[in-house]
Amino acid sequence: MPMRPDARGYFGEFGGRFVPEVLVAALDELEAAAYDAFDDPEFWQEYHAILRDFVGRPSPLYALERYPGAHARVPILIKREDTNHTGAHKINNTVGQALLAKRMGKQRLIAETGAGQHGVATATVGAKFGFPVDVYMGEVDIERQALNVFVMKLLGARVHAVGGGTRTLKDATNEAFRVWASCVEDTFYVIGSVVGAHPYPYMVREFQKVIGDEARAQTLQRFGRLPSDVVACVGGGSNAIGMFTAFLDDPEVRLWGVEAAGAGLTSGRSAATLALGSVGVLHGSRSYVLQDANGQVSETHSISAGLDYPGVGPEHAFLRASGRVTYVGVDDVDALAALRDCARLEGIVPALESAHALAYAAQLAQRRGADDLILVNLSGRGDKDIGQVGQHVAD
Ligand SMILES: *Cc1c(COP(=O)(O)O)cnc(C)c1O
């Protein structure tokens, strides 16, 4: 059984609740509602019915045929979260949180977003369930992600520009917490990854673990054995946790979390929080943070907006400390090459985030043999990244 955090919301020494007093009661209420719902089979029945009919689950498991490494006769399987409605794993989580909001009698959803994917996934469930949605987004991101802003508005959400700091995801998250503190009574804050104060990291994991549960069963059914290696990209860490959770109790399965090494791990321009960060508090929990000696949060860089975040979920900090998961970095150049290879050799355009995991799988395949089986979480599709990629991938 995957572990629940302790009574104070900690995974080992990571997690907890570092929030202003006004939010404590709201988090207590949310924790009680989540634990109650998780013990209710009817809640899960409704959740899985929506994932089936609205999201399109189970997502397929596909064996790559021509991608590098698949050449070397090492099967590389991809879990196709790119086939989900709205194009990534994020919808699994927003469906779960919207159901919880309904169960709690909340009237409105708010969310932060960086690249806009979580904003779109929240606006989508807002429309489906009839909740008004307010999305907080940095000014810089609003400019970079104009298409997603348009989609959110089309879905009926209001998008609020956040001007402070670097005007990106970190600042949008601060603003969403600030707004939530002013309206906790009737408003549900939908967080987009396994980050934030307890119970969010645990709750979001429970809504994403469907990825690994399906993939584990699909792999066993098709190959009669478990994968030797499981690979997933890590931004805040939700698609990775969702995949890893099903394999934590299988010691023979090696787990790899891939962070964005940006312009290179030693370049000073990356988002490799576990590789380069130190223990600190960001957005309500204790984990690893990219920060300077004074605790000032560093600017990050990755070609993929979804990995461009200076924090990481507390359970990942714990899984690294325990040695169960190994965290590695893949840089912008290698991620772009993997995206291009997957597009041209497989007919699948992955998200830039997912391309980090694919790139590492190709490296792993060189060290593995025919008895091995590499499972990659393809967290999303690349349509959103076409503008970005077009600048870099020549014909
Ligand atoms: C948001 C996003 C990520 C990064 O978020 P995690 O919480 O680390 O999963 C990865 N892939 C895609 C496609 C995304 O949209």
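In the block above lies the structure referred to throughout.
The paragraphs below set out a description of the structure included in this document. (Residues numbered from 1 in each chain as written. Predicted model: local features only at pLDDT ≥ 70, side-chain atom pairs only at ≥ 80, totals over all residues. Heavy atoms only, no water.)

1. A word on the packing of aromatic side chains
Here is step 1 of the chain: Applying the stated criterion across every chain, the model contains 16 aromatic pairs.
Here is step 2 of the chain: Where Phe 38 meets Tyr 202, the ring centres are 5.9 Å apart and the plane angle is 70°; that geometry is what we call edge-to-face. Taken as a pair, Phe 38 in helix H1 (residues 21-38) and Tyr 202 in helix H8 (residues 200-208) lie far apart in primary sequence, 164 residues in all.
Here is step 3 of the chain: Classification of Phe 38 by relative accessible area gives buried; the value is 9%.
Here is step 4 of the chain: Relative to Phe 207, the ring of Phe 38 has its centre 5.5 Å away and its plane inclined at 85°; by these criteria the two rings are edge-to-face. Taken together, the residues Phe 38 in helix H1 and Phe 207 in helix H8 connect sequence positions 169 residues apart.
Here is step 5 of the chain: The class for Phe 207 is buried, based on a relative accessible area of 0%. (Phe/Tyr/Trp six-rings, centres within 6.5 Å; stacked < 30°, edge-to-face > 60°. Helix = DSSP H or I, 4+ residues; strand = E, 2+ residues; numbered from the N terminus. Buried < 20%, exposed > 50% of the residue type's maximum accessible area, 1.4 Å probe, protein only.)

2. A look at the sheet that holds strand E7 (residues 158-162)
Here is step 1 of the chain: Taken in spatial order, the four strands line up as E7-E6-E5-E8 in an open sheet, and their pairing is parallel. Among the strands making up the open sheet, the edge pair consists of E7 and strand E8 (187-190). Adjacent strand axes in the sheet meet at a mean angle of 25° when their direction is disregarded.
Here is step 2 of the chain: In this sheet, E8 lies alongside strand E5 (residues 108-113) in parallel orientation, the contact comprising four bridges. Residue pairing across strands places Ala 111 opposite Val 190, the latter belonging to E8.
Here is step 3 of the chain: Lying on the sheet, helix H3 (residues 90-103) is in contact with E5 and E8; it crosses E8 at an angle near 165°. (Pairing = 2+ DSSP bridges. Axes fitted to C-alpha atoms, helices over the stretch in contact; angles between N-to-C directions. Contact = heavy atoms within 4.5 Å.)

3. Examining helix H6 (residues 146-154)
Here is step 1 of the chain: Burial in H6 covers these residues: Asn 148, Val 149 and Met 152. Axial view of H6: buried residues confined to an arc of 105°, hence all on one face. When the buried face of H6 is taken as reference, the exposed residues oriented beyond 90 degrees from it are Leu 147, Phe 150 and Leu 154.
Here is step 2 of the chain: Buried residues along H6 sit against E5, helix H4 (117-129), strand E6 (133-138), helix H5 (139-144) and E7.
Here is step 3 of the chain: At the C-terminal side of H6, Gly 156 shows a positive phi close to 95°. (Arc of directions from axis to C-beta.)

4. Looking at unusual backbone geometry
Here is step 1 of the chain: Residue Arg 57 is joined to Pro 58 through a cis peptide bond whose omega torsion reads 0°.
Here is step 2 of the chain: On the secondary structure map, Pro 58 appears in the loop between helix H2 (41-55) and strand E3 (61-63).
Here is step 3 of the chain: In this structure, the amide linkage connecting His 198 to the following residue, Pro 199, adopts the cis form with an omega of 15°.
Here is step 4 of the chain: With respect to the secondary-structure elements, Pro 199 resides in the loop between E8 and H8.
Here is step 5 of the chain: Within the chain, Thr 86 stands out as a residue other than glycine whose phi angle is a positive 75°.
Here is step 6 of the chain: Tracing the backbone shows Thr 86 in the loop between strand E4 (76-80) and H3.
Here is step 7 of the chain: The backbone of His 283 shows a phi angle near 50°, a positive value even though the residue is not glycine.
Here is step 8 of the chain: Considering the arrangement of structural elements, one finds His 283 in the loop between strand E11 (278-282) and strand E12 (285-289).

Geometric values such as these leave the question of function open.
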